[in-house]
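# Descriptive analysis of the structure
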Amino acid sequence: MRVVNLADAGDIAIREAAALLVEGFAEHWPEAWPDLDAARRSVDEALSGGRICRAAVGDDGNVLGWSAAEPLYNGNVWELTVLVVRPTLQRQGIGRALVTDMEERVRERGGLTIWLGSDDEDDMTSLAGVDLFPDPLEHLARIKDRKGHPFEFYRKMGFSIAGVLPDANGLGKPDIFLAKSVARR
């Protein structure tokens, strides 16, 4: 496996990346990319101006996973907007390789922090189905994983939970924010 610029991987790889969004998010976030047209629009956006879009490709050239990030706050902060790995290939280091590669690309561009939001629309954490008000941070301090929510992966990658937006995706469906410094100190 190697990590490359998705734009340089060719049209077939770009189509595979779109299909991977639909496949990779179907179980827990089916409304994120309900069809190939929506997914292709997101891939095209990820490939546009000033963003980073990387793909993990196998020896056969097939896309195993991909990631994208866009700059915010004058490039000091980058939002990881996409990270997806083919479901049958998860837990084999592909996501870790994509995140590590993204950290390096962001650092090369002078970025200091990477942040992301990870929705809980499928009761995957103790924050789901709960009225987080009036003190969302109290609930956040006691967060528990129920069904393999991605926040645990990101914590293993050195990200810290930085906040929560209650009801971001409907009542009892929060967005969990994570961030990591990539600055050389």
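Reference entry: report on the structure contained in this document. (Residues numbered from 1 in each chain as written. Predicted model: local features only at pLDDT ≥ 70, side-chain atom pairs only at ≥ 80, totals over all residues. Heavy atoms only, no water.)

## Focus: the pairing of strand β5 (residues 113–119)
Rules: Think of it in three bands: with a 1.4 Å probe and only protein chains considered, a residue is buried below 20% of the maximum accessible area for its type, exposed above 50%, and partly exposed in between. Only runs of H or I of at least four residues qualify as helices and only runs of E of at least two qualify as strands under DSSP, and these elements are numbered from the N terminus. Strand pairing requires that DSSP identify at least two bridges connecting the strands. Crossover handedness is defined by viewing with both strands directed away from the observer: a clockwise path from the first strand over the helix to the second marks the crossover as right-handed.
Residues of β5 alternate between two faces, with Ile114, Leu116 and Ser118 buried on one and Thr113, Trp115, Gly117 and Asp119 left unburied on the opposite face. Judged from the three bridges that link them, strand β4 (residues 77–85) and β5 form a sheet pairing that is parallel. Its bridge partner being in β5, valine 77 is matched across the sheet by threonine 113. With helix α3 (residues 94–108) bridging β4 and its parallel neighbour β5, the resulting β-α-β unit is right-handed.

## Topic: the environment of alanine 32
Residue placement: alanine 32 occurs in the loop between α1 (11–25) and α2 (36–46). What makes alanine 32 partly exposed here is its relative accessible area of 38%. Counting along the chain gives 38 residues from alanine 32 to glutamate 70, while the straight-line C-alpha distance between them is 18 Å.

## Some words on unusual backbone geometry
The omega torsion of the bond from phenylalanine 133 to proline 134 falls at 10°, within 30 degrees of zero and hence cis. Mapping proline 134 onto the fold places it in the loop between β5 and α4 (136–141). Of note in the backbone geometry, arginine 91 takes a positive phi value of approximately 65° without being a glycine. Of the residues examined, arginine 91 reaches a relative accessible area of 76% and is grouped as exposed. Positive phi, normally seen in glycine, also occurs at aspartate 167, with a value near 55°. Residue placement: aspartate 167 occurs in the loop between β6 (160–165) and β7 (175–181).

## A few points about α3
In plain terms, the rule: Expected span, for any helix, means 1.5 Å times one less than how many residues it has.
For α3, spanning 15 residues, the distance from its first C-alpha to its last is 21 Å, which sits close to the expected 21 Å at 1.5 Å a residue. Where α3 is concerned, the buried positions are Ile94, Gly95, Leu98, Val99, Asp101, Met102, Glu103, Arg105 and Val106. Where α3 ends, the next residue or the one after it, glycine 110, has phi of about 85°, a positive value.

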